[in-house]
Each structure stands twice: as C-alpha cells, then as structure tokens.
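Each chain, letter by letter, is given below.
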Amino acid sequence: MVGLRTTFAAIALVVFFRSWHAISRRTLRLVLPYGIAIAGMNLCFYLALERIPLGMTVAIEFTGPLFLAFIGSRRLADLGWIVLTVLGLCLLLRPDTAALPDMLGVIYAVGAAICWALYIIFGKRMTGKLAPGHACALGLLCSAVILFLPCFTPAFVIGLHHPLLLGMAVLVALSSSALPYALEMQAMHRLSARDLGVLYSLEPVCAACAGILLLHETLSPLRMGGILCIVLASAGTVLTPGKKGPPNEQPELPQ
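Predicted model, so just to flag it, every value in this text is computed and none were measured.

Conventions and cut-offs
- Residues numbered from 1 in each chain as written.
- Predicted model: local features only at pLDDT ≥ 70, side-chain atom pairs only at ≥ 80, totals over all residues.
- Heavy atoms only, no water.
- Helix = DSSP H or I, 4+ residues; strand = E, 2+ residues; numbered from the N terminus.
- Contact = heavy atoms within 4.5 Å.
- Areas by Shrake-Rupley, 256 points an atom, 1.4 Å probe, with all protein chains shown as cover.
- Patch = residues over 30% accessible without salt bridge, like charges linked within 9 Å, V, L, I, M, F, W, Y side chains within 5 Å.
- Salt bridge = Lys/Arg side-chain N within 4 Å of Asp/Glu carboxyl O.
- Buried < 20%, exposed > 50% of the residue type's maximum accessible area, 1.4 Å probe, protein only.
- Phe/Tyr/Trp six-rings, centres within 6.5 Å; stacked < 30°, edge-to-face > 60°.
- Lys, Arg positive; Asp, Glu negative; His and termini not counted.
- Charge placed at Lys NZ, Arg CZ, Asp CG, Glu CD.
- Polar contact = N/O pair within 3.5 Å; in protein donor to acceptor, adjacent residues only side chain to side chain.
- pLDDT = per-residue confidence, 0-100.
- Core = buried A, V, L, I, M, F, W, Y, C linked by side-chain atoms within 4.5 Å.
- Expected span 1.5 Å × (residues − 1).
- Bend = angle between axes of the 7 residues up to and from the residue.

Visitor: What is the right way to read the overall build of the protein from this model?
Guide: The secondary structure content of the protein amounts to 11 helices and zero strands. Listed N to C, the secondary structure of the protein is α-α-α-α-α-α-α-α-α-α-α in terms of helices and strands. Partitioning the contacts of the protein with sequence separation of at least 6, the portion at a separation of at least 24 is 89%. Carbon and sulfur atoms form 74% of the exposed surface of the protein, whose accessible area is close to 13400 Å².

Set out below in structure tokens:
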C-alpha cells in the first residue's frame, strides 16, 4: 500500500501543480534528499508496524521532530514544554503489554524518527528556493521512484485483479498523502523548524480523537491525561513569550 499511496499521490500533485515545468538538474538535486527522507520515513514506519505496536511505533518516531524542537529552542521555558510533551506521549502511547518489544522493529521506528527529522530539515532548506507546491510534488515523485520496484510494482499487479481495491488506494493516496504533504509544505514555508517540531505533537492527539469519534475507541484516564499534556505543551510553546527563532523572510513564490 505504501508504494501505491506514494506513487498515486505524486502523480496527482505533479498534475495539479504542473510541476513538470519546474524539473531541472538543479531542482532534482534540491528535492532528492527530501524525497529520500519521505521514502525512508514511510518504509521504516510500516516495517516497524509489522513488529511492534502502533502506539510504540508512533512514540519512537515522534522523537525525530521532538529532537529538532529541543535543539532549535532558544527559550528555557521550552524545555519544560518539551518534557510535558514527552510525558503526554508516554501516557497516550504507552504499550499495552509488558512484553519485550522486537528490537528490529524498534530499530525501524528509530529509522523512521531520523527520516522524519531529515524530512523537516530538507523541507525547510527548499524554502525560498522552490515553490511549496513544486517542492512537495517533486519530492513525492522522487520518493515514488525509490519505492517503485520494491513496493509499487507488486502491489499494482495485485491491484489489477481487484479494481475496487486499486480505486480505494487512489482515494487513500489523495486523502492521506497528497493533501497532507501539500499542506505540510505550506506550513514549512511559514514556520520555524522548532515550532514545527513541537506543533507536530498535535498529530497523536488528532489520531486519538479520530479513533474516539470515528472508530468508537475508548481511552483510559491516563491516556486522556496524555492528550491534555500534549495540548498544553503545544499551546504553551506558541504562547510563551520570549526569544524565538528567526522568522522566515523569503518571499512567497508563485506556484
């Protein structure tokens, strides 16, 4: 599924933004590291899911942007908010069993965390050099090329015998990859890496809320407390006065 999702999303974004006009050697050198980070992040994440629970995978992966938030901070108060975020994640995403996790799965999750941090860094480096829409589309295209043989080809062959599943894969690609990546690139164009790193803490909260509202899942009081910790940390990071990182001064580029 990861190969189908990435490829269909890349095609959709390239067509929507008409990004073939932006393709050049310079552009490809710029977006290739970003695309590699996307491919590595997705591949490592799903490999980890095969071996360790979802909550543990997300918690470990989240250390990537959290680390960026820590090293990018210029305010002492942010250390407290980061600690509160970690506490919230521990409460919200704690393993349900005491069994020793599969170490290979943990390694994959750490790989996803590293790739997520690199994804943010490389995305920020393209700010002001390439229009956000083109950056997102071409980055996903590079990722799709990397995943084409190992992931896309076998899944597509199977999908040819199940057209309905192939159609669902297209919908998943648009809703879970194309649109989110495009919006995320716009956010990278406007926010500092530090703010992005901590504000990403809302992602597990949104996932938990979606589980409650759409999947009728229930949360224990400890996990509800975890949600509260993360919301407070995210709000506190934005609202706490003090010295912040330098704002982005690059002009808005046409898409």
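Visitor: Honestly, unusual backbone geometry in this entry has me stumped. Any pointers?
Guide: Across residues other than glycine, the phi torsion is negative in most instances, and most of the peptide bonds are trans. The phi dihedral of arginine 18 falls on the positive side, at around 55°, and the residue is not glycine. Along the polypeptide, arginine 18 turns up in the loop between α1 (2–17) and α2 (25–49).

Visitor: Help me out: how do you make sense of a nonpolar patch on the surface in this one?
Guide: Together, Ile11, Val15, Trp20, Ile23, Leu28, Leu141 and Val145 give the surface a local cluster of nonpolar side chains, amounting to about 630 Å² of exposed area. Taken together, the elements giving at least two residues each to the nonpolar patch come down to α1 and α7 (132–160). With respect to the element layout, leucine 141 can be found in helix α7. Overall, the relative accessible area of 31% leaves leucine 141 in the partly exposed class.

Visitor: In this structure, what is going on with the packing of aromatic side chains? I would like to understand it.
Guide: The description of an aromatic ring pair rests on the distance of the ring centres and on the angle between the ring planes. Taken as a whole and assessed by the stated rule, the structure comprises three aromatic pairs. Taken together, a centroid distance of 5.0 Å and an interplanar angle of 85° make the contact between phenylalanine 16 and phenylalanine 17 edge-to-face. Where tyrosine 34 meets tyrosine 119, the ring centres are 5.1 Å apart and the plane angle is 20°; that geometry is what we call stacked. Of this pair, tyrosine 34 sits in helix α2 while tyrosine 119 sits in helix α6 (residues 103–125), and the two are 85 residues apart along the sequence. Each member of the pair, tyrosine 34 as well as tyrosine 119, is classed as buried.

Visitor: What should I look at first to understand a positive patch on the surface in this one?
Guide: A cluster of like positive charges, contributed by Arg25, Arg26, Arg29, Arg125 and Lys129, occupies part of the molecular surface. With three residues, α2 is the largest single contributor of residues to the positive patch. With respect to the helices, strands and loops of the structure, arginine 29 is situated in helix α2. Since its relative accessible area comes to 61%, arginine 29 is described here as exposed.

Visitor: Just to check I follow, could you spell out the side chain of glutamate 61 for this structure?
Guide: For glutamate 61, the position within the fold is in helix α3 (residues 54–61). Overall, glutamate 61 belongs to the buried group, its relative accessible area being 7%. Beyond its immediate chain neighbours, meaning those up to four positions away, glutamate 61 contacts Met41, Phe45, Ala109, Ala112, Ala113 and Trp116.

Visitor: Explain the side chain of threonine 27 to me, please; I cannot follow it from the model alone.
Guide: Tracing the backbone through its elements, the reader meets threonine 27 in helix α2. Residue threonine 27 is classed as buried on the basis of its relative accessible area of 5%. Reaching out from threonine 27, the side chain makes a polar contact with the side chain of serine 24 at a distance of 3.0 Å. Beyond its immediate sequence surroundings of up to four residues, threonine 27 is in contact with Ala22, Leu130 and Leu138.

Visitor: Would you mind going over the confidence of the model for the protein with me for this structure?
Guide: Detailed reading of predicted coordinates is not advised where the pLDDT is low. Per-residue pLDDT for the protein averages 76, and the proportion of residues at 70 or more is 79%. In this model residues 244–255 is a low-confidence stretch, pLDDT under 50, and it forms 30 contacts with partners more than four residues away in sequence or in other chains.

Visitor: Honestly, the nonpolar core in this entry has me stumped. Any pointers?
Guide: Leu13, Tyr34, Tyr119, Met126, Leu140, Tyr181 and Met185 are the most contacted members of the largest nonpolar core, which has 46 residues in total. When contributions to this core are tallied by element, the ones reaching two or more residues are α1, α2, α4 (63–71), α5 (76–92), α6, α7, α8 (163–190) and α11 (221–239). Here this core gets eight residues from one element, more than from any other, and that element is α8. If near-sequence neighbours (up to four positions away) are discounted, methionine 126 is found in contact with Leu30, Val31, Tyr34, Ala135 and Met185. Judged by nonpolar contacts, the second largest core, of six residues, contains Ala48, Ile52, Ile60 and Ala109.

Visitor: What's the story with α8 in this structure? I'm lost.
Guide: Helical periodicity: at 3.6 residues per turn, an α-helix aligns residues three or four positions apart in one direction. With 28 residues, α8 extends 40 Å between its outermost C-alpha atoms, agreeing within 8% with the 40 Å of an ideal straight helix rising 1.5 Å per residue. Its axis deflected by about 35° at leucine 174, α8 carries its strongest bend there. Those residues of α8 that fall on the buried side of the exposure criterion are Leu166, Ala169, Ala173, Ser177, Ala178, Tyr181, Ala182, Glu184, Met185, Met188 and His189.

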